[in-house]
Amino acid sequence: MARRALLTDRERELIEGGDDVDEDLRYQAISRVRRKINEELTTDVEVLQEQHPQLLEELREVVCNPKGINASSGGE
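Everything numeric here is computed off the predicted structure, so don't read it as measured data.

Calculation rules
- Residues numbered from 1 in each chain as written.
- Predicted model: local features only at pLDDT ≥ 70, side-chain atom pairs only at ≥ 80, totals over all residues.
- Heavy atoms only, no water.
- Helix = DSSP H or I, 4+ residues; strand = E, 2+ residues; numbered from the N terminus.
- Buried < 20%, exposed > 50% of the residue type's maximum accessible area, 1.4 Å probe, protein only.
- Areas by Shrake-Rupley, 256 points an atom, 1.4 Å probe, with all protein chains shown as cover.
- Axes fitted to C-alpha atoms, helices over the stretch in contact; angles between N-to-C directions.
- Parallel < 35°, antiparallel > 145°, perpendicular 65-115°, else oblique.
- Left-handed = near helix turned anticlockwise from the far one by under 90°.
- Contact = heavy atoms within 4.5 Å.
- Nonpolar A, V, L, I, M, F, W, Y, C, P; charged D, E, K, R; others polar.

S.K.: Help me understand the overall build of the protein chain, please; the structure alone is not making it clear to me.
M.R.: The helix and strand inventory of the protein chain stands at three helices and zero strands. If you list the helices and strands of the protein chain from N to C, you get α-α-α. Counting the 76 residues in the protein chain, one finds 11% classified as buried. If you sum the accessible surface of the protein chain, you get close to 6700 Å²; carbon and sulfur atoms cover 50% of it.

S.K.: Would you take a moment to explain the environment of R60 for this structure?
M.R.: Among the structural elements, R60 can be located in helix 3 (residues 53-64). For R60, a relative accessible area of 42% puts it in the partly exposed group. R60 sits 15 residues away from V45 along the chain, and the two C-alpha atoms are 9.7 Å apart.

S.K.: I would appreciate a short explanation of the packing of helix 1 (residues 9-16) against helix 2 (residues 23-51) in the present structure.
M.R.: Helix-helix packing: each pair is described by the crossing angle between the helix axes and the interaxial distance. At a minimum axis distance of 8 Å, the contact between helix 1 and helix 2 shows a crossing angle of 120°. The orientation of helix 1 with respect to helix 2, classified from their angle, is oblique. Helix 1 and helix 2 meet at a crossing whose hand is left-handed. Across from R10, E11, L14 and I15 in helix 1, the residues of helix 2 making contact are L25, R26, A29, I30, R32, V33 and K36. In the contact of helix 1 with helix 2, the residues fall into six nonpolar, no polar and five charged.

Okay, structure coming up:
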């Protein structure tokens, strides 16, 4: 089994889309990920801020400056 950070393999597949992806399932995956960001991830950030600021800084580095992603591309 592959390790994951935020998205499950299935959530990645659904969010990436494609002709064979049911739009309702894609929407549900987006909703689940949004909930994880707004609920669980914020709690994790709070714990890191209080207990291990260096790990929080490493997280910020990855999220704010991901390697291999062109910042000027604008994402979608």
